[in-house]
Amino acid sequence: MPGIIERYRQRLPFAHGDPVVSLGEGSTPLVLAPRLSERAGVEVWLKLEGANPTGSFKDRGMTCAVSAAVREGAEAIVCASTGNTAASAAAYAARAGLRGAVIVPEGKIATGKLAQALMHGARVIALRGNFDEALALVRELTARHPIALVNSVNDFRIEGQKTAAFEVLEALDGELDALCIPVGNAGNITAYWKGFKEAGVRPRLFGFQAAGAAPLVHGAPVEHPETVASAIRIGNPARWEEAMDAMTASGGAVASVTDAQILEAYRFLAAGEGIFCEPASAAGIAGLLAHGAGDARRIACVLTGHGLKDPQTALEHAGAVVPCAPELEAIERAVLG
Ligand code: F0G
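How do you make sense of the packing of helix α8 (residues 163-171) against helix α9 (residues 187-199) when you look at a structure like this?
Angle between the axes and distance between the axes are the two parameters that describe a pair of packed helices. Packing of α8 against α9 brings their axes to within 7 Å, and their N-to-C directions diverge by 55°. As summarised for this structure, α8 and α9 are arranged oblique, according to the angle between their axes. Between α8 and α9 the crossing geometry is right-handed. Judged by residue contacts, Ala164, Ala165, Phe166 and Leu169 of α8 engage Tyr192, Gly195, Phe196, Glu198 and Ala199 from α9. Among the residues making up the contact of α8 with α9, the classes are represented as seven nonpolar, one polar and one charged.

The following block contains the structure:
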């Protein structure tokens, strides 16, 4: 499959002949979740965005942001990140032959994401501060220096990410009542709403935040956001108003879920559906289970990132391995016992 720029060029701000930096992103699976559907009492489809080249939905936006940066003659890109944007930016910078720098909150990003950013050769800067502080600083930095900012405050990111809405609609023949999605910096929900509006449909958008990082629910920034879902540990979303507009205008809502609810949904999806997502992605499922999705009959939930991004959290919350001596009887006991 070609990447999203080639696939959706007519609906994206790229002309034929423009440089395209792509890793073949998009065209991710949309799978029916029978056990979750039964539990939630509605037909639930899962959009597996962890199947993108770097393991998260960010690649859809990054192919556009980095292609535009190349078109504009940029030599370097930068972002603040809770991890996935950093991994994606680093990969697309490598692909484009640009320098990449990523600013992450020290000690607060999942191991897989850190490994990715480093392997792709980005300069990884660990800020003694949180994501919101990192974003404020990179905005100032890029105002002073000719470096392209590839956070979702960059409109090309939204353009790329709206293509996920097109794919969901294509797979379901346009029949979708609601979308459940985790919300952090609020770029992705903004992008889905733009995509749905451009496609002429208006499913209800339900955004879910972690209880310890739920500024949209409280209606005020959270100074010290905290949650096991490190990807959405954000206290002052950049696309705040647009996200609220998406939920209000579509007849949806914003609500929060506790870390315990997130972890329960995380394990349920992995063990019950065979789908391993990262904790932040499970927030959308936890929200559906805790709050429902209005009177919707057919729902899509966006699983934003792959479970392998965060092996540490998985191992902390999964069952234990079974030790075994190298003997048949011991194996029998271990396997059958
Ligand atoms: N899920 C995952 C796995 C994420 O990485 C993010 C955001 C979100 C959900 C929320 O999306 O910010 O558009 O509302 N991660 C950003 C990052 C902030 O730096 O990787 P959003």
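Further notes follow.
Even after reading the chapter, I still don't get a nonpolar patch on the surface, so can you show me in this structure?
A contiguous nonpolar patch, built from Leu328, Ile331, Val335 and Leu336 and spanning about 450 Å² of accessible area, is present on the exposed surface. The residue isoleucine 331 is located in helix α15 (residues 328-336) in this model.

When you look at the domain arrangement of the protein in this model, what are you seeing that I'm missing?
Often, the extent of an interface is quoted as the loss of accessible area on bringing the components together. Taken domain by domain, the protein comprises domain 1 (4-56 + 156-316) and domain 2 (58-153). When each unit is reduced to the centre of its C-alpha atoms, the spacing between domain 1 and domain 2 is 21 Å. On the side of domain 2, 39 residues touch domain 1, which itself brings 49 residues to the contact. Carbon and sulfur atoms supply 52% of the area buried between domain 1 and domain 2, which totals about 3,400 Å² over both sides. On the domain 1 side of the interface with domain 2, the three residues burying the most area are Val21, Arg157 and Lys309, jointly 24% of the side's total.

It is not clear to me how the packing of aromatic side chains should be interpreted in this structure. Could you clarify?
Two aromatic rings are characterised by how far apart their centres lie and by the angle between their planes. One pass over the full model with this rule turns up four aromatic pairs. A ring pair is formed by phenylalanine 14 and phenylalanine 156, whose centres lie 5.8 Å apart and whose planes are at 45°; its orientation type is tilted. Taken together, the residues phenylalanine 14 in the loop between α1 (4-7) and β1 (30-32) and phenylalanine 156 in helix α7 (residues 155-161) connect sequence positions 142 residues apart. Across this residue pair, the class does not change: phenylalanine 14 and phenylalanine 156 are buried. Taken together, a centroid distance of 6.1 Å and an interplanar angle of 45° make the contact between tyrosine 192 and phenylalanine 196 tilted. Of this pair, tyrosine 192 and phenylalanine 196 both sit in helix α9, four residues apart, which is roughly one turn of the helix. With respect to burial, tyrosine 192 and phenylalanine 196 carry one shared label: buried. Just above the ring of phenylalanine 166 sits the side chain of arginine 11; from NZ or CZ to the centre is 4.1 Å. Above the ring of phenylalanine 268, the side-chain terminus of arginine 39 is found at 4.6 Å from the ring centroid.

I keep staring at the site of the ligand and nothing clicks. Help me out?
The local shell around the ligand holds 20 residues, among which Lys58, Ser81, Asn185, Ala186 and Thr304 are the closest. Within the contact set of the ligand, a nitrogen atom lies 2.8 Å away from a side-chain nitrogen or oxygen of lysine 58. Here an oxygen atom of the ligand and a side-chain polar atom of asparagine 84 are 2.8 Å apart. The protein chains hide 99% of the 470 Å² of surface that the ligand would expose on its own. Counting residues per element, the ones that place at least two in the shell around the ligand are α4 (84-96) and α9. For the shell around the ligand, the per-class residue count stands at eight nonpolar, ten polar and two charged. Both domains that furnish three or more residues to the shell around the ligand are identified here as domain 1 (4-56 + 156-316) and domain 2 (58-153).

What is the right way to read the sheet that holds strand β5 (residues 123-127) from this model?
The strands making up a sheet associate through hydrogen bonds between their backbones, and the pairing can be parallel or antiparallel. Within the open sheet, the four strands sit side by side as β5-β4-β3-β6. Their pairing is parallel. For this open sheet the edge positions go to β5 and β6 (148-149), each flanked by a neighbour on one side alone. As paired elements, strand β3 (residues 76-80) and strand β4 (residues 99-105) share five bridges and run parallel to each other. Across the sheet, residue alanine 76 finds its bridge partner in β4, namely arginine 99. The strands touched by α4 are β3 and β4; relative to β3, the strand with the most contacts, the crossing angle is about 175°.

Would you mind showing me how to read the packing of α4 against helix α5 (residues 111-119) here?
One can describe the packing of α4 onto α5 by two numbers: an axis separation of 8 Å at closest approach and a directional angle of 20°. With respect to α5, the axis of α4 lies roughly parallel. Where α4 crosses over α5, the two elements pack in a sense that is left-handed. On α5, the residues touching Asn84, Ala86, Ala87 and Ala90 of α4 are Lys113, Gln116 and Ala117. Considered class by class, the residues forming the contact of α4 with α5 number four nonpolar, two polar and one charged.

Reading the values: the criteria
- Residues numbered from 1 in each chain as written.
- Predicted model: local features only at pLDDT ≥ 70, side-chain atom pairs only at ≥ 80, totals over all residues.
- Heavy atoms only, no water.
- Axes fitted to C-alpha atoms, helices over the stretch in contact; angles between N-to-C directions.
- Helix = DSSP H or I, 4+ residues; strand = E, 2+ residues; numbered from the N terminus.
- Parallel < 35°, antiparallel > 145°, perpendicular 65-115°, else oblique.
- Left-handed = near helix turned anticlockwise from the far one by under 90°.
- Contact = heavy atoms within 4.5 Å.
- Nonpolar A, V, L, I, M, F, W, Y, C, P; charged D, E, K, R; others polar.
- Patch = residues over 30% accessible without salt bridge, like charges linked within 9 Å, V, L, I, M, F, W, Y side chains within 5 Å.
- Areas by Shrake-Rupley, 256 points an atom, 1.4 Å probe, with all protein chains shown as cover.
- Salt bridge = Lys/Arg side-chain N within 4 Å of Asp/Glu carboxyl O.
- Domains from an automatic or database assignment.
- Buried area = accessible area lost by both parts, 1.4 Å probe.
- Phe/Tyr/Trp six-rings, centres within 6.5 Å; stacked < 30°, edge-to-face > 60°.
- Buried < 20%, exposed > 50% of the residue type's maximum accessible area, 1.4 Å probe, protein only.
- Lys NZ or Arg CZ within 6 Å of the ring centre and 35° of its normal.
- Near = heavy atom within 4 Å.
- Polar contact = N/O pair within 3.5 Å; in protein donor to acceptor, adjacent residues only side chain to side chain.
- Pairing = 2+ DSSP bridges.

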